[in-house]
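Single-letter residue listing:
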Amino acid sequence: MSIAVQSGLIILCVLVFLLLLGAPIAVALGISSVCAILPVMSVDIAVLTGCQRTFSGISIFSLLAIPFFILAGNIMNRGGIAIRLINLAKLITGRAPGALAQTNILANMLFGSISGSGTAAASAMGSIIGPIEREEGYDPNFSAAVNIATAPTGLLIPPSNVMITFSLVSGGTSVAALFMAGYIPGILWGLACMLVVFFIAKKKGYRAKTRFTGSEAVKIILQALPCLLLIVIVIGGIILGVFTATEGSVVAVVYSLFLSLIVYRSISVKELPTILRESAEMTGIIIFLIGVSSIMSWVMAFTNIPSMVSAVLLSISSNKIVILLIINVILLVVGTFMDMTPACLIFTPIFLPVCTSLGMNTIHFGIMMIFNLCIGTITPPVGTTLFVGVKVGKVKIETVFKQLLIHFAVILGVLMLVTYVPAISLWLPKLMGYIK
């Protein structure tokens, strides 16, 4: 038995065993990775190598972007941003069929991109728009399904922490290029769901009941403009080369503090310690995951596991379409059981070499992977966004899931477009000069 097969089996068996025992995924990753190299080195050296790889994995300057974007997102979540974006979305959707559901979708896209969290978007939008939809006669299951199905769009529309994670684990892919690549897939996801809502709402007779006067419209735009400027300042600054993604994350924190403390006055200085503590807790979890995943990445490279996986996949078929379909299916299944960050950390080193050997651009692969894992956040049994959306919508999973099926169908259709039409992901990065 080759060392690659032996190590791969050890990682898989130990990882599954520890997860079944209820061990935290970061701990399971670290222990299984160290166990995988025990056949070729002593316990002392294996543990020492694991520690060394963990620290070297987190000693990267660009990783600072993650805690700062998390902090900025937490500040914005508490800063009264949601209701201003909802009003703007209401204004844009006008009196279209299912206008409130369309508002939910658009607001999820805007708020998710600002907060960088699909769960936060589902919670904020569902708790505010959901009761209004009930009052206007919308089916609660329909409303919750729309909210759940579109909350992850903000994970594709930048800034996005999972894109920063992918950049690191893929060997330094440009974060700015990934940010640009996420726009069109994220918007297509939202538009596909808006199309579904249009036909369902037309059939059920859901009509908008709110009209805005000219002065109200101007007021709504002016109130929402400072929120939208965050995206313009941060993403614009990164694209124009004014600052890096890491520096942009600090700019996001400063601007969100200015907005919440001074402009909107929606949070007080007394709330900042709580916000900082919550952000530190979230950062600790993600950074530790990245650290221990560095052990696994090294083990895979050392034992040549990616080459083994590549050989197995290519032995099934040499057709690029078939290979990408197999990878998509695997990632969709993985996403239903595993959170985005650990899934990205584990499977990028495995599948990236396969896809690049087929001539696939790294940025294109990154967006395809993130898109797959975003779908996992709204799929049972571990779909965090699904559970949050069900809770705030005050409905049951079994009744919502029936309504979600048609959304899954169009989302999977968009995934196939993203997979097999590279221009959807690569057109903007090429336009901006990140790809020659």
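Counting restarts for each chain, with residues numbered from 1 along the sequence as it is written. Totals for whole chains, interfaces and linings use every residue, but because this is a predicted model, local features are given only for residues with pLDDT of at least 70 and side-chain atom pairs only at 80 or more, for both listing and counting. Only hydrogens and water are removed before side-chain values are computed, so all heavy atoms of the structure are retained for them.

**Quick notes on the overall build of the chain**
- Going along the chain from the N terminus, every DSSP run of H or I of four or more residues is numbered as a helix, and every run of E of two or more is numbered as a strand. Within the chain one finds 21 helices and zero strands.
- At 22 Å, the chain has a C-alpha radius of gyration in line with the 22 Å of a compact globule built from 436 residues.
- For the chain, the spread of C-alpha atoms along the three principal axes comes to 75 × 45 × 45 Å.
- Using a 1.4 Å probe on the protein chains alone, a residue whose accessible area is under 20% of its type maximum counts as buried, one over 50% counts as exposed, and one in between counts as partly exposed. Classification of the 436 residues of the chain by burial places 55% in the buried group.
- Using a 1.4 Å probe, the Shrake-Rupley method yields the accessible areas, and only the shown protein chains count as cover for residues. Of the roughly 18,000 Å² that the chain leaves accessible, carbon and sulfur atoms contribute 70%.
- For the chain, the distance from the average site of its 23 positive side-chain charges to the average site of its 12 negative ones is 9 Å. All radius of gyration figures rest on C-alpha atoms, and the globule criterion is 2.2 Å times the number of residues raised to 0.38. Here the positive residues are Lys and Arg and the negative ones are Asp and Glu; neither His nor the chain ends is included. Where a charge lies is defined by one atom per residue type: Lys uses NZ, Arg uses CZ, Asp uses CG and Glu uses CD.

**A closer look at helix 21 (residues 423-431)**
- Looking at helix 21, one finds that the buried residues are Ile424, Ser425, Leu426, Leu428 and Pro429.
- For this analysis, residues touch if any pair of their heavy atoms sits within 4.5 Å. Contacts made by the buried residues of helix 21 are with helix 11 (175-204), helix 18 (362-376) and helix 20 (397-420).
- Among the residues trailing helix 21, glycine 433 stands out with phi positive, at a value near 90°.

**What about the nonpolar core?**
- Ranked by size, the top nonpolar core spans 148 residues in total, and within it Phe111, Trp189, Ile327, Phe351, Phe365 and Phe371 carry the most contacts.
- In terms of residues, this core owes the most to one element, helix 11, which gives 16 residues. For our purposes a nonpolar core is just a set of buried Ala, Val, Leu, Ile, Met, Phe, Trp, Tyr and Cys residues, chained together by side-chain atoms within 4.5 Å.

**Quick notes on helix 20**
- In this scheme, a helix's expected span is set at 1.5 Å multiplied by one less than its residue total. Relative to the 34 Å expected for 24 residues at 1.5 Å per residue, helix 20 spans 32 Å between its end C-alpha atoms, a close match to the ideal helical length.
- The quantity called bend is, for any residue, the angle between two axes fitted respectively to the seven residues ending at it and the seven beginning at it. At glutamine 403, helix 20 shows its largest bend, some 40°.
- Turning to helix 20, its buried residues number three or more, namely Val400, Gln403, Leu404, His407, Phe408, Ile411, Val414, Leu415, Val418 and Thr419.
- Against the buried residues of helix 20 lie helix 8 (140-150), helix 11, helix 16 (320-337), helix 18, helix 19 (384-393) and helix 21.

**Quick look at the packing of helix 4 (residues 65-78) against helix 14 (residues 272-303)**
- Angles here are taken between N-to-C directions and fall from 0 to 180 degrees, while the axes themselves are lines fitted to C-alpha atoms, restricted in helices to the stretch in contact. Contact geometry of helix 4 with helix 14 gives a least axis separation of 9 Å together with a crossing angle of 145°. Where helix 4 crosses over helix 14, the handedness of that crossing is right-handed. Contacts from Ile66, Pro67, Ile70, Leu71, Asn74, Ile75 and Arg78 in helix 4 reach Thr274, Ile275, Leu276, Glu278, Ser279, Met282, Thr283, Ile286 and Ile290 in helix 14.
- Side-chain classes follow a simple rule in which Ala, Val, Leu, Ile, Met, Phe, Trp, Tyr, Cys and Pro form the nonpolar group, Asp, Glu, Lys and Arg form the charged group, and the remainder, Gly included, forms the polar group. Classifying every residue of the contact of helix 4 with helix 14 by side-chain character gives 10 nonpolar, four polar and two charged. Each crossing is labelled by how the near helix is turned from the far one, with a counterclockwise turn of less than a right angle marking it left-handed and a clockwise turn marking it right-handed.

**Re the pattern of salt bridges**
- Put simply, a salt bridge is a Lys or Arg side-chain nitrogen that is within 4 Å of an Asp or Glu carboxyl oxygen. A full pass over the atoms with the stated rule returns one salt bridge.
- A salt bridge links arginine 277 to glutamate 281, with the shortest nitrogen-to-oxygen separation between them at 3.7 Å. Taken together, the positions of arginine 277 and glutamate 281, both in helix 14 and four residues apart, correspond to about one turn of that helix.
- Owing to a relative accessible area of 47%, glutamate 281 belongs among the partly exposed residues under this scheme.

**Here's the deal with the packing of helix 14 against helix 17 (residues 340-357)**
- Contact pair helix 14 / helix 17: the axes reach a minimum separation of 10 Å and the direction vectors enclose 20°. Here helix 17 runs roughly parallel to helix 14, going by the angle between their axes. As helix 14 runs across helix 17, the sense of the crossing is right-handed. Facing helix 14, whose interface residues are Ile286, Leu289, Ile290, Ser293, Met296, Ser297 and Met300, helix 17 presents Thr341, Pro342, Leu345, Ile346, Pro349 and Ile350.
- A class-by-class count of the residues in the contact of helix 14 with helix 17 yields 10 nonpolar, three polar and no charged. The labels follow the angle: roughly parallel below 35 degrees, roughly antiparallel above 145, roughly perpendicular from 65 to 115, and oblique for the rest.

**Structural notes on unusual backbone geometry**
- The peptide bond linking proline 158 to proline 159 adopts the cis configuration, its omega dihedral lying at 0°.
- Among the secondary structure elements, proline 159 is positioned in the loop between helix 9 (153-156) and helix 10 (161-169).
- Phi is positive for lysine 394, which is not a glycine, with a value near 55°.
- Tracing the backbone shows lysine 394 in the loop between helix 19 and helix 20.

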